[in-house]
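# Secondary and tertiary structure notes
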Amino acid sequence: NIRNLSTASNTNQRVTMMSSSVLHNAKPHIARGVGRLTDLVFTSGQGSYVQTTCGKTLLDFTTGIGVVNTGHAHPRVVAAAKEQLDRIVHSQVNIGYHDKMLELTEMLLPNLPKGMDTIFYGTTGAEAVENSVKMARAFTGKHAVVVFRGGYHGRTFGTMAMTTSSRIYRQKFGPLIPGVHVTPFPYEYHGITTEMAMNELDQLFKDTLHEDDVAAFLIEPVLGEGGYVPAPPDFLKKVREFANSKGALMICDEVQTGFGRTGSLFACDSEYYGSDVQPDIMTMAKGIASGFPLSGVATRREIADKCDPGMLGGTYAGNALSCAAAVETQKVLQEENLIENAAKMGERLKQNLSNIQSSEFSRGLIGDVRGLGLMIGLEFAKEAEPGIKNKVSQACADEGLLLLGCSTYEVVRFVPPLNITQDDIDNGSEKFEKALKRVLS
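Position numbers for residues start from 1 in each chain and track the written sequence from start to end. Totals for whole chains, interfaces and linings use all residues, but because this is a predicted model, local features are given only for residues with pLDDT of at least 70 and pairs of side-chain atoms are given and counted only at 80 or more. Just so you know, side-chain values use all the structure's heavy atoms and leave hydrogens and water out.

## Re the pairing of strand β3 (residues 57-60)
- Sheet topology places strand β2 (residues 49-52) next to β3; three bridges connect them, and they run antiparallel. Along β3, the bridge assignment pairs valine 50 with leucine 58.
- When DSSP finds at least two bridges between two strands, those strands are taken to pair. In DSSP terms, a helix is any run of H or I states spanning at least four residues, a strand is any run of E spanning at least two, and both are numbered starting from the N terminus. Pairing of β3 with strand β15 (residues 401-402) involves two bridges; the strand directions are parallel. When the sheet's bridge partners are listed, leucine 59 is paired in β15 with leucine 401.

What follows is the structure, encoded as structure tokens:
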């Protein structure tokens, strides 16, 4: 991957020549409300690597927070986008259909969870989540939504009420939309079992909620921002059964887990969770189009058809350029065996991290290594110093590795491209180990 960055290096040189004053002057005018891992300026990327204006090359274990599943600038996706640029960039969905949206739909339908036959396209994951709730409300005639503690569903005005992975996403913005109720998510490292979570959910309906009010249960199969915590295999099935008993729909938020990230195309439809989950609605985004903004809501026609024409839409919904990239992304995922590689490399990475966990220098300060596919979380023990995840992330950047933290607990997350090689998995593991030794020394 590094060898393929020669062209990118030339681009960086041109950017650097003009960037020192321009970038220095521009940075103070970017809203400070956007949090950033580093102050670096990125100009190019190829495969598992990115480059900056200062000529630094870094191994990327963030992939834009699980977006470029096919790696940066995958040549097939880039070629498809370039071809589409010469045809049509924006074909607005309220005017008519466009061919790439229809082609993408034909590709996705056979691979969706059982029973899903209808798709709405949007632009962002938060947009998909909000539209999934609109569909649930329209179909059931009810309004309330039950979400699970630690879930991240977006930071728009509607979704921030449903996001509980951190208070930062909602502070100073209240009052939030009503009708959202929070219940525990199983987190066995912190002692919350499936049985305990289900008992709390049952109690919620005894002391607070009535089934006549609840439209949907919204859940991530694997907590994303909440700590990369996979739901236990039996939990999603129990939520499915509970939703049925209350006459409510089950929405699986696969914005981050979808398109091979967990070693299956969709986590809720994987061998890990079995075939009994079958959500009524599923949201998707991030990895669908290798970095081009696109999202979707998949459901059954009987649910989608409760929305009359005009109730759904958006200026950039299902953008033609993004759909062209998404079509090629689906081909790459299948033809280059990226989903199988995600499962295999995920096991390799977990083993590497487990070895670091058991090493003498870590002094028992790594409490848990967990995850599915290439969506892996490493949580530091309660004995570790507060803020260690941020210190480790910064030390990793110094070592040439991009690695993000997450959760209100001390968690770092490993989210490399699905086509990463074993050499780069090992390289990243070594960089993480060096960074951790520096922090713990």
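## Quick notes on the packing of helix α10 (residues 338-357) against helix α12 (residues 422-440)
- The axes used here are C-alpha line fits, helices contributing only the stretch in contact, and every angle between their N-to-C directions lies in the interval 0 to 180 degrees. It is at 10 Å that the axes of α10 and α12 come closest, and there the two elements cross at 25°. Accordingly, the angle class assigned to the pair α10 and α12 is roughly parallel. Once α10 is placed against α12, the crossing between them reads as right-handed. Between α10 and α12, the contacting residues are Met345, Arg348, Leu349, Asn352, Leu353 and Ile356 on the first element and Gln422, Ile425, Asp426, Ser429, Phe432, Glu433 and Leu436 on the second.
- We call Asp, Glu, Lys and Arg charged. Ala, Val, Leu, Ile, Met, Phe, Trp, Tyr, Cys and Pro are nonpolar, and the rest, Gly among them, are polar. Residue composition of the contact of α10 with α12, by class: seven nonpolar, three polar and three charged. Orientation labels follow simple angle bins: below 35 degrees gives roughly parallel, above 145 gives roughly antiparallel, 65 to 115 gives roughly perpendicular, and whatever is left gives oblique. Handedness of a helix crossing follows the sense of rotation of the near helix relative to the far helix, less than a right angle counterclockwise being left-handed and clockwise being right-handed. Contacts: residue pairs with any heavy atoms within 4.5 Å of one another.

## Some thoughts on the sheet that holds strand β11 (residues 281-284)
- The seven strands lie next to each other as β4-β12-β11-β10-β7-β5-β6, forming an open sheet whose pairing is mixed. Each edge of the open sheet carries a strand with a single partner, namely β4 (118-122) and β6 (180-183). Pairwise comparison of adjacent strand axes, ignoring direction, gives a mean angle of 20° for this sheet.
- Sheet topology places strand β5 (residues 144-148) next to β6; four bridges connect them, and they run parallel. Opposite phenylalanine 148, over in β6, you have threonine 183 as the bridge partner.
- Most of the contacts of helix α5 (residues 125-140) go to strand β12 (residues 295-299), to which it runs at about 25°, and overall it touches β4, β5, β7 (214-219), β10 (249-253), β11 and β12.
- Across the face of the sheet, helix α6 (residues 194-207) comes into contact with β5, β6 and β7 while running at roughly 145° to β6.

## Observations concerning helix α11 (residues 388-399)
- One fewer than the residue count of a helix, multiplied by 1.5 Å, yields its expected span. Its twelve residues place the ends of α11 16 Å apart at the C-alpha level, agreeing with the 16 Å of an ideal helix rising 1.5 Å per residue.
- Partly exposed describes any residue whose relative accessible area lies between the buried limit of under 20% and the exposed limit of over 50%, with all areas from a 1.4 Å probe on protein chains only and scaled to the type maximum. Of the positions making up α11, those classed as buried are Ile388, Lys389, Val392, Ser393, Ala395, Cys396 and Ala397.
- Close packing links the buried residues of α11 with β3, β14 (375-380), β15, β16 (404-406), β17 (411-414) and α12.
- Following α11 by one or two positions, glycine 400 has its phi on the positive side, about 95°.

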